Amino acid sequence: MTIAPIPDRPASRPARRAPTLDGKRIGAYLLIALGALLTIAPFYFMFVFATHTRSDIFHLPPPAWFGSNLDENYRNLVERVPFWRNLWNSLYLAVLTTGFTLFFCTLAGYAFAMFSFKGREVLFGLLLATMLIPGTLNIVPYALIMQALGWIDQPRALWVPGMASAFGIFLMRQYIGSSIPRELVEAARIDGASEFGIFRRVIVPLTGPAMATLGLVTFVQSWNGFLGPLIIFRTAETFTAPLALRSMQGIANTDWGALMCGVALTVVPLLILFALASRQLIEGLTAGATKG
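Residues numbered from 1 in each chain as written. Predicted model: local features only at pLDDT ≥ 70, side-chain atom pairs only at ≥ 80, totals over all residues. Heavy atoms only, no water.

This part is about the overall build of the protein. Broken down by element type, the protein carries 14 helices and zero strands. The N-to-C order of helical and strand elements in the protein reads α-α-α-α-α-α-α-α-α-α-α-α-α-α. Scored against the burial criterion, the 292 residues of the protein give a buried share of 34%. Across the protein, every contact between residues at least 6 apart in sequence was considered, and the portion connecting residues at least 24 apart equals 72%. In the structure as shown, the protein presents an accessible area of about 18,800 Å², 67% of it carried by carbon and sulfur atoms. (Helix = DSSP H or I, 4+ residues; strand = E, 2+ residues; numbered from the N terminus. Buried < 20%, exposed > 50% of the residue type's maximum accessible area, 1.4 Å probe, protein only. Contact = heavy atoms within 4.5 Å. Areas by Shrake-Rupley, 256 points an atom, 1.4 Å probe, with all protein chains shown as cover.)

Here you go:
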């Protein structure tokens, strides 16, 4: 019986070489930096113009640094429109729409992903087909229905129809079906949990990234909504922030400094929200793209 000799181990591993920056990588970094600058530039100039007068804004070249007219622009803003009331209206609608959308879309996504019932695929196909209909085709029927219900100039005319969306149901169905094992739901049923108990204790905690993505998208869409409020609201006190800012624009007498001040104040909550939820947004959008 012969014993094979044990091969000698190398004394030490060769040191890893530091990655070198070749021309392609440098070009990619420069392209990314240019794209970032082009993305940030509108926000930067929005905040800059909020501190200048109308004449300064239209001066050539336009100002590239902050001015000293912010206080006057803010006073002109709140004198022209009830801005903080309008901002509250936007927040009220966005929070209600987002909360109901998360609940009903997650519930519907759970049903489509974990239940087998007759006509499920047909019903889901019809749901997806509604996403192909342009929203502008619904303007006249929507206005007539709200008029018949007596909901003109009422906030519920916006958040009640927005309590669920085809995109939200599709997103939650895909996430639940690809990320939550069916065996986990079956085990909870064997343990005696009710269906709503399974939804509340199992599904909701495991769908955090997808719910954060859907919540952020829904909130931003409701916050920036313009066409719906334009159809429904009639008085300045019920305007949302985008509609109130649009009412400040005229043919020749637009106070662009005050308008930019209002736009900046309207955008700040969205920037804060995106900064807090950006990681969950990326996780939700990339969920299911890779396995393992």
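Next comes the rest of the write-up.
If you look at the biggest cluster of nonpolar residues, it comprises 36 residues, and the most contacted ones within it are Leu77, Tyr142, Ile232, Phe233 and Met248. When residues of this core are traced back to their parent elements, those giving at least two are helix 1 (23-49), helix 4 (83-114), helix 6 (139-149), helix 7 (156-159), helix 11 (208-223), helix 12 (227-232), helix 13 (241-247) and helix 14 (256-286). With residues near it in sequence (within four places) discarded, Ile232 still touches Tyr142, Met146, Trp151, Ile152, Asp153, Gln154, Ala157 and Leu158. Membership of the second largest hydrophobic core comes to 14 residues, among which are Ala108, Phe112, Leu127 and Leu171. (Core = buried A, V, L, I, M, F, W, Y, C linked by side-chain atoms within 4.5 Å.)

Applying the stated criterion to the full structure yields four salt bridges. Ionic pairing is found between Glu121 and Arg120, a salt bridge with its closest N-O pair at 3.2 Å. Glu121 gets classed as partly exposed once you look at its relative accessible area, which sits at 47%. Classification of Arg120 by relative accessible area gives buried; the value is 18%. (Salt bridge = Lys/Arg side-chain N within 4 Å of Asp/Glu carboxyl O.)

A cis amide bond links Leu60 with the next residue in sequence, Pro61, at an omega value of -5°. With respect to the helices and strands, the residue Pro61 is situated in the loop between helix 2 (54-57) and helix 3 (70-80). Residues other than glycine seldom take positive phi values, yet Asp153 does so here, at roughly 70°. With respect to the secondary-structure elements, Asp153 resides in the loop between helix 6 and helix 7.

It is worth spelling out the layout of surface pockets at this point. Quantified by volume, the largest pocket comes out at close to 1,200 Å³. Along its surface, the largest pocket is lined by 31 residues, and Pro161, Gly162, Ala164, Ser165 and Gln221 are the ones closest to its centre. Among the secondary structure elements, those contributing two or more residues to the lining of the largest pocket are helix 4, helix 6, helix 7, helix 8 (166-179), helix 11 and helix 12. Take the lining of the largest pocket: its biggest share by element is five residues, from helix 11. Taken together, the residues that form the lining of the largest pocket break down as 18 nonpolar, 13 polar and no charged. (1 Å grid on protein atoms, 1.4 Å probe; cavity = no way out; pocket = protein on both sides within 12 Å on 5 of 7 lines; lining within 4 Å. Points joined across faces, edges and corners; volume = space filled by probe spheres on them. Nonpolar A, V, L, I, M, F, W, Y, C, P; charged D, E, K, R; others polar.)

Attention now moves to helix 10 (residues 195-206). Here helix 10 contains twelve residues, and its C-alpha end-to-end distance of 16 Å stays within 8% of the 16 Å for a straight helix at 1.5 Å per residue. For helix 10, the full list of buried residues reads Gly197, Ile198, Phe199, Val202 and Ile203. The inward-facing, buried residues of helix 10 contact helix 4, helix 8 and helix 9 (182-190). (Expected span 1.5 Å × (residues − 1).)

Further remarks concern the UniProt feature "transmembrane region" (unreviewed entry) in the protein. UniProt feature "transmembrane region" (unreviewed entry): in the numbering of this structure it lies at residues 26-50, 91-115, 122-145, 157-177, 198-220 and 257-277. Here residues 122-145 is 62% helix and 0% strand, with 27 Å between the C-alpha atoms at its ends. Strand forms 0% of residues 198-220 and helix 96%; the C-alpha atoms that close the span are 30 Å apart. (UniProt positions renumbered as here; feature names shortened; annotations may be inferred.)

Take the packing of helix 4 against helix 11 next. Relative orientation of the contacting elements helix 4 and helix 11 amounts to 145°, with a least axis distance of 8 Å. For helix 4 against helix 11, the interelement crossing comes out right-handed. Counting all contacts with helix 4, which are made through Leu87, Ser90, Leu91, Leu93, Ala94, Val95, Thr97, Thr98, Thr101, Leu102, Cys105 and Thr106, the residues of helix 11 involved are Met211, Leu214, Gly215, Thr218, Phe219, Ser222 and Trp223. Grouping the constituent residues of the contact of helix 4 with helix 11 by class yields eleven nonpolar, eight polar and no charged. (Axes fitted to C-alpha atoms, helices over the stretch in contact; angles between N-to-C directions. Left-handed = near helix turned anticlockwise from the far one by under 90°.)

The next point concerns the packing of helix 4 against helix 8. Where helix 4 contacts helix 8, the axes come no closer than 7 Å and their chain directions differ by 50°. The angle between the axes of helix 4 and helix 8 places the two elements in the oblique class. Both helix 4 and helix 8 take part in a crossing whose hand is right-handed. Facing helix 4, whose interface residues are Cys105, Thr106, Ala108, Gly109, Tyr110, Phe112, Ala113 and Met114, helix 8 presents Gly168, Ile169, Met172, Arg173, Ile176 and Gly177. (Parallel < 35°, antiparallel > 145°, perpendicular 65-115°, else oblique.)

Right, let's get into the packing of aromatic side chains. The final tally for this structure, using the stated rule, is 18 aromatic pairs. Arranged with centres 6.3 Å apart and planes meeting at 20°, the rings of Phe100 and Phe104 form a pair that is stacked. Placement of the pair is Phe100 and Phe104 together in helix 4, with a separation of four residues, close to one helical turn. One aromatic cluster in this structure is built from Phe100, Phe103, Phe104, Tyr110, Phe115, Trp159, Phe196 and Phe199. The residue whose ring lies beneath Arg173 is Phe124, and the NZ or CZ to ring-centre distance is 4.4 Å. A cation over a ring is seen here: Arg189 above Phe115, with NZ or CZ 5.1 Å from the ring centre. (Phe/Tyr/Trp six-rings, centres within 6.5 Å; stacked < 30°, edge-to-face > 60°. Lys NZ or Arg CZ within 6 Å of the ring centre and 35° of its normal.)

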